[in-house]
Amino acid sequence: MQIQHVVKSATLRGVDAIPVDVEVLISNGIPSFSIVGMPDVAVQEARERVRAAIRACGFTMPGDRVVVNLAPGAIKKTGSGFDLPIALAILAATRQIPADGLGAYLLVGELSLEGRVRPVAGLLAYALCARDGGLGMISAQAQGGSVALVGVDQYVVETLADFRRGDFKRAAPAIHGKAAEGRDFADIAGQVTAKRALQIAAAGGHGVLLMGPPGSGKTMLASRLPTILPPLSEDERLDTALVPSVTGADISPILG
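First, a word on scope: everything that follows refers to the structure included in this document. (Residues numbered from 1 in each chain as written. Predicted model: local features only at pLDDT ≥ 70, side-chain atom pairs only at ≥ 80, totals over all residues. Heavy atoms only, no water.)

1. As for the nonpolar core
For soluble globular proteins, nonpolar side chains are generally found buried alongside one another.
Inference 1: Ile86 and Leu160 are the most contacted members of the largest nonpolar core, which totals 41 residues.
Inference 2: At the level of secondary structure, the elements contributing two or more residues to this core comprise strand E2 (16-27), strand E3 (32-36), helix H2 (46-56), strand E4 (65-71), helix H3 (83-93) and strand E5 (105-107).
Inference 3: Considering each element in turn, this core owes the most residues, nine residues, to H3.
Inference 4: Those residues within four positions of Leu160 in sequence are excluded, and the remaining contacts are Ala53, Ile54, Cys57, Phe59, Leu84, Ala87, Leu88, Leu91, Leu111, Gly115 and Val117.
Inference 5: In terms of nonpolar packing, the next biggest core, distinct from the first, is built from 22 residues, Ala17, Ala125, Cys129 and Leu242 among them. (Core = buried A, V, L, I, M, F, W, Y, C linked by side-chain atoms within 4.5 Å. Buried < 20%, exposed > 50% of the residue type's maximum accessible area, 1.4 Å probe, protein only. Helix = DSSP H or I, 4+ residues; strand = E, 2+ residues; numbered from the N terminus. Contact = heavy atoms within 4.5 Å.)

2. Here's the deal with the environment of Ala161
Inference 1: Counting through the fold element by element, Ala161 comes out in the loop between strand E9 (154-156) and helix H5 (162-165).
Inference 2: Overall, the relative accessible area of 17% leaves Ala161 in the buried class.
Inference 3: Ala161 sits 23 residues away from Asp184 along the chain, and the two C-alpha atoms are 49 Å apart.
Inference 4: Excluding its chain neighbours within four sequence positions, the residues that come into contact with Ala161 are Cys57 and Phe59.

3. Comments concerning the packing of aromatic side chains
Any two aromatic rings considered together are summarised by their centre-to-centre distance and by the angle between their planes.
Inference 1: Across all of its chains, the model carries one aromatic pair by this definition.
Inference 2: Above the plane of the ring of Phe59 lies Arg164, whose end atom (NZ or CZ) is 4.2 Å from the centre. (Phe/Tyr/Trp six-rings, centres within 6.5 Å; stacked < 30°, edge-to-face > 60°. Lys NZ or Arg CZ within 6 Å of the ring centre and 35° of its normal.)

4. Some points on unusual backbone geometry
Inference 1: The amide bond that connects Ala71 to the next residue, Pro72, takes the cis arrangement and shows omega of 5°.
Inference 2: Position of Pro72 relative to the elements: it lies in the loop between E4 and H3.
Inference 3: If you check the backbone angles, Met38 has positive phi at about 60° while not being a glycine.
Inference 4: Judged by relative accessible area, which is 40%, Met38 ranks as partly exposed.
Inference 5: Positive phi, normally seen in glycine, also occurs at Arg95, with a value near 60°.
Inference 6: Mapped onto the fold, Arg95 is located in the loop between H3 and E5.
Inference 7: The class for Arg95 is exposed, based on a relative accessible area of 78%.

The following block contains the structure:
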């Protein structure tokens, strides 16, 4: 007996998310659970999280030989975001959840031992990957709800048990940030040379490196530089937000 199922996910490489097929094969043999396809330590540890989460949510972990293949095999797979797609592929293969429609979504999320779905770093990159592949996205709620700006049909889940019913809620809309409220470049007194350098950089689109001892005004100058810059286009905002997104920082001030 062999049962196979495939779902869609992705892995981060730099600030980009690369599509990955999560293939699960359940066959007769000595009970085991292995993951292949160049997984890192965090992906290998998914075996214990997936086992515990499946049982905690009232499902049954198959007692047969389970092999998970992350394709393409030549790309290094990193992070804990494969927990959710691996668990869902197993549950769909064993017909414990409805499998219809899962292939239309990119799945990403970390599982707790109780089966709760946690957001992972880089959800914006995953959403862009889903958009480019013509897929929707199922994950935990992104911080600030900012992924909604990408235009992806995103649904959020709280626990693995939500897939028993197949009734998901849409992601919350983006929360607009106000990090720079009340700051203005015109408020800077003195700092004539530094202000002139920032004005030239802003006009010419140049990069700026601020160096100096503590208290010399570097943070004050940098925090007010955006107030003399032109508004970012939508594509520029997304590109700017990718770096803090993959580090797990809040990107709503950039996208707001």
